[in-house]
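Residue-level structure breakdown
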Amino acid sequence: MAHRWLPSLSALRAFEAAARHESAKQAALELSVTATAISHQIRGLEASLGVALFVRRPRQLALTAPGRELQQVLETAFDSISSTVERLSAAPCRQAVTLSTTPAVAVRWLVSWVCMLRDTHPDIDLRIHASHEPVALDGVTADIAIRYGDGHWPGLIAEKLFDNTFIPACSPHLGLNDVTQLPAHPLIHFRNAGAVSSPIDWAAWQRLARVPGLDLSAGLVFSDETHAVSAAVGAQGVALMSRQLIMDELNAGRLMQPFGPVIEGKPFFLVYPESRRSDPAIMAIRDWVMAVPGGLCSVSG
């Protein structure tokens, strides 16, 4: 891009005001300077342009032809700048907050209640980062997160959301009601290489149940929990799922728990940096998450 040459913006402003008022004195009052300063700015502008902009008359400034041409251009430009600044100043200040969580928590628990946040904080733009891997809460990758674990993360405040109890679940259409019938049905597995802790899987369940003839190597394998849930609802087999994340299906009768045992996994926590405990946007997201139905806060409240 070619270098843009412009005269002094102060001089242009002084000239435009003087041209509009046809008076250096009135221009000086508008710009809160002296009439001498206005005259000095205009003479400097004329010198830099090499043209006369005014015909000086007693108590009046009359524009020359070059002066009128410049005045028209500046009036349009300053009006445009003024309206843009006014519009930007009047625009609501919006803030984006990124919340990181697992895909299943995002889709199956959180997303349905975004309307609650939008109603109470329309100025906050929520961005959901879905991943099984914990990301830095550095204000760049993410600001706040929902994680499962023991609740101890250095430098982070952790508030418990809900327990993570794993149960066998299947469609009622399978007609499964006795654990001895399980080997006759496909197992639905969820495996994700990005998980940060040992998964609660059928192998862990079998160590407790000890079902004869159960082949843990067979069945459907999904890398996404939501796909595993869909397969179970579609009567494609029996899944081992977090009860909290399939509560809608259990309540509606699309899934059932045919038998035990159940396994207690690590709870889910809302976490955010200690340094941001007074950040209004972070606290708004915190209050919203804690109020989402199904969490400990909403249940106890």
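Preceding this section is the structure that the text describes.
Let me sum up the structure you'll find in this document. Small disclaimer: the values here were computed from a predicted structure and weren't measured.

Criteria and cut-off values
Residues numbered from 1 in each chain as written. Predicted model: local features only at pLDDT ≥ 70, side-chain atom pairs only at ≥ 80, totals over all residues. Heavy atoms only, no water. Buried < 20%, exposed > 50% of the residue type's maximum accessible area, 1.4 Å probe, protein only. Helix = DSSP H or I, 4+ residues; strand = E, 2+ residues; numbered from the N terminus. Pairing = 2+ DSSP bridges. Salt bridge = Lys/Arg side-chain N within 4 Å of Asp/Glu carboxyl O. Core = buried A, V, L, I, M, F, W, Y, C linked by side-chain atoms within 4.5 Å. Contact = heavy atoms within 4.5 Å. Axes fitted to C-alpha atoms, helices over the stretch in contact; angles between N-to-C directions. Expected span 1.5 Å × (residues − 1). Polar contact = N/O pair within 3.5 Å; in protein donor to acceptor, adjacent residues only side chain to side chain. Patch = residues over 30% accessible without salt bridge, like charges linked within 9 Å, V, L, I, M, F, W, Y side chains within 5 Å. Areas by Shrake-Rupley, 256 points an atom, 1.4 Å probe, with all protein chains shown as cover.

Re the pairing of strand E10 (residues 238-242)
Where burial is concerned, most of E10 is hidden: five out of the five residues are buried. As defined by bridge partners, strand E7 (residues 165-169) adjoins E10 across four bridges and the pair is classed as antiparallel. Each residue of the ladder has a partner; that of Ala169, found in E10, is Ala239.

Some words on the pattern of salt bridges
A full pass over the atoms with the stated rule returns 10 salt bridges. Salt-bridge contacts for Arg56 lead to Glu46; the nearest nitrogen and oxygen are separated by 2.9 Å. Separated by 10 residues along the polypeptide, Arg56 in strand E1 (residues 54-57) and Glu46 in helix H3 (residues 35-49) bring together distant segments of the chain. The class of Arg56 is partly exposed, set by a relative accessible area of 36%. Here Glu46 falls in the buried class, since its relative accessible area comes to 10%. The partner of Asp279 in a salt bridge is Arg276, and the shortest N-O contact between them spans 3.0 Å. With a relative accessible area of 18%, Asp279 lands in the buried category.

A word on the nonpolar core
Counting residues in hydrophobic clusters, the biggest one holds 26 residues, and the most contacted among them are Trp109, Ile146, Ile285 and Val289. Of all elements in the fold, only strand E3 (95-101), helix H5 (103-110), strand E5 (144-148), strand E6 (156-162), strand E12 (268-273) and helix H10 (280-291) reach the threshold of two or more residues within this core. Here the element with the most residues in this core is H10; it accounts for seven residues. Here Ile285 is in contact with Val97, Leu99, Leu117, Ile124, Leu126 and Ile144, once residues within four sequence places are set aside. Core analysis: the next-biggest nonpolar cluster, separate from the first, contains 19 residues, Leu12, Phe15, Leu31 and Leu45 among them.

A word on unusual backbone geometry
For the peptide bond that leads from Gly260 to Pro261, omega is 0°, which places it in the cis range. Along the chain, the position of Pro261 falls in the loop between helix H9 (247-252) and strand E11 (263-264). The backbone phi angle of Ala235 is positive, close to 60°, even though this residue is not glycine. Within the secondary structure layout, Ala235 lies in the loop between helix H8 (225-233) and E10.

Some words on the sheet that holds E10
Ordered by their spatial adjacency, five strands build an open sheet running E9-E8-E10-E7-E11, and the pairing between neighbours is mixed. Looking along the sheet, the strands with just one partner apiece sit at the ends: strand E9 (220-222) and E11. By the bridge criterion, three bridges tie strand E8 (residues 187-190) to E9 in an arrangement that is parallel. Pairing of Ile188 across the sheet is with Leu220, part of E9. Taken strand by strand, helix H7 (residues 202-209) contacts E7, E8, E10 and E11, and its axis lies near 100° from that of E10.

What to know about helix H1 (residues 9-21)
Over its 13 residues, H1 runs 18 Å from end to end, which matches the ideal 18 Å to within 8%, given 1.5 Å per residue. Turning to H1, its buried residues number three or more, namely Ala11, Leu12, Ala14, Phe15, Glu16, Ala17, Ala18 and Ala19. Its side-chain oxygen at 3.3 Å from the backbone nitrogen of Ser10, Ser8 defines the N-terminal cap of H1. At the C-terminal side of H1, Glu22 shows a positive phi close to 55°.

Remarks on a nonpolar patch on the surface
On the surface, a nonpolar cluster with roughly 290 Å² of combined accessible area is contributed by Trp5, Leu49 and Val51. Here Val51 lies in the loop between H3 and E1. Given a relative accessible area of 34%, Val51 falls into the partly exposed group.

Side note on the pairing of E7
Buried residues dominate E7, accounting for five of its five residues. Neither face of E7 is exposed, since Thr165, Ile167 and Ala169 on one face and Phe166 and Pro168 on the opposite face are all buried. Note: E7 against E11, two bridges, orientation antiparallel. For Thr165, the partnering residue across the bridge sits in E11 and is Glu264.

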